[in-house]
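Examining the three-dimensional arrangement
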Amino acid sequence: MATGLKMFSATLLLCLAQAAAAETLPDPTRPSIDLGSSGAGGAGDAVPAEAAPGLQSIIISPQYRAAIINGETVSLGGRSGDSRLVEVRENSIVLENAHGRRVMELFPRVNIKKNEASGQESREQEGASGQTNSPENAVGGTK
C-alpha cells in the first residue's frame, strides 16, 4: 500500500512539473482586439475597431440584393449617404447621386479572368489523340 502511494505521489509530481513547464500557445480563435482590457470599465465599454470604409460585402439572393457599405447594409434602391444603390453586381455595385454614377468594386486590385487558352489546349489534345483524360484511359486504369 505504501509503495503504491509513493508511486502515485511521484507520478503526480512529474505530471505537475510537466504542466508547469508546458508552453502556452496563442488561441487562433481569439479576436484581434482585446475586449477585456479597456481599463476600469471592463468588456462592456470596449469599442471594436472601425471597419474599413467603402464596399465591404455584396449580398445576392433570388429575392434580395444588397451591399454592406461603410458597415451599413444598403438594399437595392436604398441610400448610403447622398447616393442611391442602383445596381448590385457579382463583384461591384453602382451608386448614383446628383453628380453622376460611381462604381465601387469589392476587390479593386484583383483582375479575374477566365483562362480560355488552357481549356482550349486540352480540347485540342483530346481531338488529336481521339482519347479523353478519363481514368479508364490512364496508365494502370481499368479496361
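For the structure itself, consult the block above.
Worth saying up front: this structure is predicted, and the values here are computed from it rather than measured.

Considerations on the sheet that holds strand 2 (residues 65–69)
Within the open sheet, the three strands sit side by side as 1-2-3. Their pairing is antiparallel. Edge positions in the sheet fall to strand 1 (55–60) and strand 3 (72–75), since each of these pairs with one other strand and no more. Between one strand axis and the next, the sheet turns by 20 degrees as a mean value, whatever way the strands run. Pairing of strand 1 with strand 2, which is carried by five bridges, proceeds in the antiparallel orientation. Bridge pairing links Ile59 to Ala66 in strand 2.

Details of the pattern of salt bridges
Throughout the structure, instances matching the rule amount to three salt bridges. The shortest N-O distance in the salt bridge between Glu87 and Arg89 comes to 3.0 Å. Given the relative accessible area of 30%, Glu87 is considered partly exposed. Given a relative accessible area of 33%, Arg89 falls into the partly exposed group. Through salt bridges with shared partners, a single ionic network connects Arg84, Glu96 and Arg101.

Brief notes about the environment of Ile93
By secondary structure assignment, the location of Ile93 is in strand 6 (residues 92–97). With relative accessibility at 0%, the residue Ile93 sits in the buried group. The residues contacting Ile93, other than those within four sequence positions of it, are Leu55, Ile58, Ala67, Ile69, Leu85, Glu87, Val88, Arg102, Val103 and Met104.

A short note on the sheet that holds strand 4 (residues 79–80)
Strand order in the open sheet formed by four strands is 4-5-6-7, with antiparallel pairing between adjacent strands. In the strand order of this sheet, the two ends are held by strand 4 and strand 7 (100–105), each with one partner. Summarising the sheet, strand 5 (residues 83–88) and strand 6 pair through four bridges and their orientation is antiparallel. Pairing of Arg84 across the sheet is with Glu96, part of strand 6.

Structural notes on the pairing of strand 5
As paired strands, strand 4 and strand 5 are joined by two bridges and run antiparallel to one another. Within strand 5, the residue paired with Arg79 across the bridge is Arg84. In textbook terms, the turn of a hairpin is the stretch between consecutive antiparallel strands, and for strand 4 and strand 5 this stretch comprises two residues, one of which, Gly81, has a positive phi near 65 degrees.

Criteria and thresholds
Residues numbered from 1 in each chain as written. Predicted model: local features only at pLDDT ≥ 70, side-chain atom pairs only at ≥ 80, totals over all residues. Heavy atoms only, no water. Pairing = 2+ DSSP bridges. Helix = DSSP H or I, 4+ residues; strand = E, 2+ residues; numbered from the N terminus. Axes fitted to C-alpha atoms, helices over the stretch in contact; angles between N-to-C directions. Salt bridge = Lys/Arg side-chain N within 4 Å of Asp/Glu carboxyl O. Buried < 20%, exposed > 50% of the residue type's maximum accessible area, 1.4 Å probe, protein only. Contact = heavy atoms within 4.5 Å.

Read these as geometric descriptors, not functional statements.
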